[in-house]
There are 2 protein chains.
Amino acid sequence: MNQISRRPIRLYDVTLENGSTLSPFVWRIRYALAHKGLETELEPVAFTQIRQILGGQYEQVPIIEDNGQVIQDSWAIAQYLDRTYADAPPLFRTYGEYTAARFFDRWMFRDVIPHMYHCYVLDNYNQARPEDREYLRESRQRSFLGGRTLEEVVKGREKRLPLVRDSLQPLRVALAESPWLGGLRPNYVDFIGLGLFLWAAAINTLPPLEKNDSLFDWLNRGFDLYGGLGRDERLHPLAPGVPTSRPPEHEQRLTA
Amino acid sequence: MNQISRRPIRLYDVTLENGSTLSPFVWRIRYALAHKGLETELEPVAFTQIRQILGGQYEQVPIIEDNGQVIQDSWAIAQYLDRTYADAPPLFRTYGEYTAARFFDRWMFRDVIPHMYHCYVLDNYNQARPEDREYLRESRQRSFLGGRTLEEVVKGREKRLPLVRDSLQPLRVALAESPWLGGLRPNYVDFIGLGLFLWAAAINTLPPLEKNDSLFDWLNRGFDLYGGLGRDERLHPLAPGVPTSRPPEHEQRLTA
């Protein structure tokens, strides 16, 4: 495959103060690039510095640079990767899988993320790069939070965790029968879902899940993919006593 | 294809008093059989008579009989059809599409159907076969409705229609970019979605949608499929002034 001789693909990544990837959209592209076996070079950037790179025409990550081409927007990048690296494993095996991914994304942003966001928006602020914090506070309070402060929004979040867990029920049902959302092998729908949980793992100081959640079977296999892409030391637990940064003990024993 | 010489597949169908198919699960199998080009013989049955057919071992439709085999449960039937008639157009092109269909089904039953059900449960009762009515009232009030009467549940339903419409938003977003939920061609996810609306069209006396709903583009193409399978004279409008039983006027002009 001719991509092996190419230069690595540069992926611009808005990082937290500890250097970890934040955005669920960047996480899905990190998985997409790894799934296709493409060498990647992460280029960290502060949220408030996106306007200072690449001629100032972009406002959001992910952005990739591949062989002189710049592509922005996770959907555009995913489609570019399948088109350009058609010999590598597909992100979407059929256009039906693409449409299903679109639907899944809309479901997630409508039914799951609002619950999580209202638990973690202050955690996100506290762990952002110092130069991003005031912008984050001001823009979030003005746009998504209807004038409420970050502190007001997260108040009582412990009591709202059951809403988060309940919102994930359709995901549990789909995964009760298939090893991956993509079927027998992961596809981009898995990367969208894993990206959601990795975003939560990057920032949360109150784990969203319970230890015995059936989602952990899929999450653990997902975090182990591609050399343990989701096993970053800087990630926080998704359930009390369940570290995200390493596989569960029985898996470690099997490997040992 | 060897299925052409076979006997028609018999599909047991719980019908309303006017003879129309009710169940969203039967609707999806009617579409599945038509999509695969399989000749079908509908066998109407009252809900309270299911126990009197096929040796009394079944409680729900759809049930098919194909060449001496009896298969119950819409998922089992869909998988049987793809396996047995593998040369005919697939319901699921990949296992990823199957998993996406499972997810879509759970989403629909969780986020959409409860809103519709609480608007239409009395309509369903009123249009059921006379021999099914008392069973329907008693079992529904006891199980799904927590002891409330059908009349209590539907009270004020006009004010709740915006909830129904809003719940469909992820479907509109997915269909803004793809002609079908299955991508460039319909797959079983489309049949699940069309089955939901045909169930609502079979019983509603208060249309759920507004006339300019963008979903009508997909609904009209879906109802026209396979010789107009969804263009049954007995179906009610899904929006005021939009008959389900015939294509919109501009389509009729094109055909004339």
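Residues numbered from 1 in each chain as written. Chains lettered and ligands numbered in written order. Predicted model: local features only at pLDDT ≥ 70, side-chain atom pairs only at ≥ 80, totals over all residues. Heavy atoms only, no water.

(A) View of the overall build of chain A. In terms of regular secondary structure, chain A is built from 10 helices and 4 strands. Each helix (α) and strand (β) of chain A, taken in turn from the N terminus, gives the series β-α-β-β-β-α-α-α-α-α-α-α-α-α. Taken over C-alpha atoms, the radius of gyration comes to 18 Å for chain A, in line with the 18 Å a tight globule of 256 residues would show. Each principal axis of the C-alpha distribution contributes one length, and for chain A these read about 55 × 45 × 40 Å. Within chain A, the proportion of its 256 residues that are buried is 56%. (Helix = DSSP H or I, 4+ residues; strand = E, 2+ residues; numbered from the N terminus. Rg over C-alpha atoms; globule rule 2.2 N^0.38 Å. Buried < 20%, exposed > 50% of the residue type's maximum accessible area, 1.4 Å probe, protein only.)

(B) Seen up close, the nonpolar core. Formed by 166 residues in total, the largest nonpolar core has its most connected members in Leu81 and Phe197 of chain A together with Leu81 and Phe197 of chain B. The residues contacting phenylalanine 197 of chain B, other than those within four sequence positions of it, are Met116, Leu168, Leu171, Leu209, Leu215, Trp218, Leu219, Phe223 and Leu238 of chain B. (Core = buried A, V, L, I, M, F, W, Y, C linked by side-chain atoms within 4.5 Å. Contact = heavy atoms within 4.5 Å.)

(C) A look at the relation of the copies chain A and chain B. For the pair chain A and chain B, the relating rotation is 180 degrees, the translation along its axis is 0.0 Å, and the fit reaches an RMSD of 0.0 Å. On this basis, the relationship between the two copies can be described by a two-fold rotation axis. (Least-squares fit on C-alpha atoms with pLDDT ≥ 70 in both.)

(D) Focus on the sheet that holds strand S2 (residues 40–45) of chain A. Residues and elements named next belong to chain A. Sheet architecture is open: 4 strands sit in the order S2-S1-S3-S4, paired in mixed fashion. Edge positions in the sheet fall to S2 and strand S4 (69–72), since each of these pairs with one other strand and no more. Taking the axes of each pair of neighbouring strands and ignoring which way they run, one obtains an average angle of 25 degrees across the sheet. Pairing of strand S1 (residues 9–14) with strand S3 (residues 63–66) involves 3 bridges; the strand directions are antiparallel. Counterpart to leucine 11 in the pairing with S3 is isoleucine 64. Its contacts with the sheet put helix H1 (residues 24–35) on S1, S2 and S3, and the angle it makes with S1 is roughly 160 degrees. (Pairing = 2+ DSSP bridges. Axes fitted to C-alpha atoms, helices over the stretch in contact; angles between N-to-C directions.)

(E) Highlighting the interface of chain A and chain B. The partner chain B presents 30 residues to the 30 residues of chain A that form the contact. Overall, the association of chain A and chain B removes approximately 2500 Å² of surface from exposure, summing both partners, and the carbon and sulfur fraction of that is 64%. Of all residues in chain A, Tyr95, Phe103 and Arg110 of chain A bury the most surface against chain B, accounting for 28% of the area lost on that side. Between the two partners, chain A and chain B, sit 4 salt bridges. With its nearest N and O atoms 2.9 Å apart, the salt bridge here joins aspartate 166 of chain B to arginine 110 of chain A. For the interface between chain A and chain B, the tally reads 16 residue pairs in polar contact (both at pLDDT 80 or more). If you list the elements that add at least two residues to the side of chain A that touches chain B, you get helix H3 (95–127), helix H6 (157–167) and helix H7 (169–175) of chain A. No other element matches the 13 residues that H3 of chain A contributes to the side of chain A that touches chain B. Partitioned by chemical class, the residues of the side of chain A that touches chain B number 14 nonpolar, 8 polar and 8 charged. (Buried area = accessible area lost by both parts, 1.4 Å probe. Salt bridge = Lys/Arg side-chain N within 4 Å of Asp/Glu carboxyl O. Polar contact = N/O pair within 3.5 Å; in protein donor to acceptor, adjacent residues only side chain to side chain. Nonpolar A, V, L, I, M, F, W, Y, C, P; charged D, E, K, R; others polar.)

(F) A look at unusual backbone geometry. Note that the residue after valine 61 of chain A, namely proline 62 of chain A, is joined by a cis bond; omega there is 0 degrees. Along the chain, proline 62 of chain A falls in the loop between S2 and S3. The phi dihedral of leucine 54 of chain A is positive, around 50 degrees, even though this residue is not glycine. Even without being a glycine, asparagine 67 of chain B presents a positive backbone phi close to 55 degrees.

(G) Spatial organisation of the packing of H3 of chain A against helix H4 (residues 130–142) of chain A. All names here are of chain A. Across the interface, H3 lies against H4 with an axial gap of 9 Å and an inter-helix angle of 155 degrees. Judged by the angle between their axes, H3 and H4 are roughly antiparallel. Together, Tyr117, Val121, Asn124, Tyr125 and Asn126 of H3 and Arg133, Glu134, Leu136, Arg137 and Arg140 of H4 make up the contact between the two elements. Split into classes, the residues belonging to the contact of H3 with H4 amount to 4 nonpolar, 2 polar and 4 charged. (Parallel < 35°, antiparallel > 145°, perpendicular 65-115°, else oblique.)

(H) Main features of the sheet that holds strand S3 (residues 63–66) of chain B. Residue and element names in this part refer to chain B. Ordered in space as S2-S1-S3-S4, the 4 strands form an open sheet in which the pairing is mixed. Since the sheet does not close on itself, it has two edges, and those belong to strand S2 (40–45) and strand S4 (69–72), each with one partner. On average, adjacent strands in this sheet sit at an angle of 25 degrees to one another, irrespective of strand direction. The sheet contact formed by strand S1 (residues 9–14) and S2 spans 6 bridges and is parallel. Counterpart to valine 14 in the pairing with S2 is valine 45. This element, helix H1 (residues 24–35), spans S1, S2 and S3 of the sheet and lies at about 160 degrees to S1.

(I) The arrangement of the packing of aromatic side chains in detail. A full pass over the atoms with the stated rule returns 33 aromatic pairs over all chains. A connected cluster of aromatic rings, assembled from ring pairs, spans Tyr31, Trp75, Phe92, Tyr95, Tyr98, Tyr188, Phe191 and Tyr226 of chain A. Between arginine 221 of chain A and the ring centre of tryptophan 180 of chain A, over which it is positioned, the NZ or CZ distance is 4.7 Å. Seen from the ring of tyrosine 125 of chain B, arginine 137 of chain B lies directly overhead, with NZ or CZ sitting 4.5 Å from the centre. (Phe/Tyr/Trp six-rings, centres within 6.5 Å; stacked < 30°, edge-to-face > 60°. Lys NZ or Arg CZ within 6 Å of the ring centre and 35° of its normal.)

(J) Just the packing of H3 of chain A against helix H8 (residues 188–203) of chain A, in detail. All names here are of chain A. Following both chains from N to C, one finds H3 and H8 inclined at 0 degrees, their axes separated by 9 Å at the closest point. By the angle between their axes, H3 is roughly parallel relative to H8. In terms of residue class, the contact of H3 with H8 is made up of 16 nonpolar, 3 polar and 3 charged.

(K) Inspection of H3 of chain A at higher detail. For H3 of chain A, spanning 33 residues, the distance from its first C-alpha to its last is only 38 Å, which falls clearly below the expected 48 Å at 1.5 Å a residue. With 24 of 33 residues buried, H3 of chain A is to be regarded as a mostly interior element. (Expected span 1.5 Å × (residues − 1).)

(L) Structural view of the pattern of salt bridges. One pass over the full model with this rule turns up 42 salt bridges over all chains. With its nearest N and O atoms 3.8 Å apart, the salt bridge here joins arginine 165 of chain B to glutamate 210 of chain B. Placement of arginine 165 of chain B in helix H6 (residues 157–167) and of glutamate 210 of chain B in the loop between helix H8 (188–203) and helix H9 (215–228) is noted, with a sequence separation of 45 residues between them. Residue class for arginine 165 of chain B comes out buried when judged on its relative accessible area of 18%. Connected through shared salt-bridge partners, Arg10, Glu41, Glu43 and Glu65 of chain A make up one network.

(M) Here's a closer look at the side chain of arginine 137 of chain B. Residue and element names in this part refer to chain B. Mapped onto the elements of the fold, arginine 137 is located in helix H4 (residues 130–142). The exposure class of arginine 137 is buried, given its relative accessible area of 18%. At 2.8 Å, the side chain of arginine 137 forms a polar contact with the side chain of glutamate 151. With near-sequence residues (within four places) excluded, arginine 137 lies in contact with Tyr125, Leu150 and Glu151.

In short, the description is geometric, and any link to function would need to be established separately.
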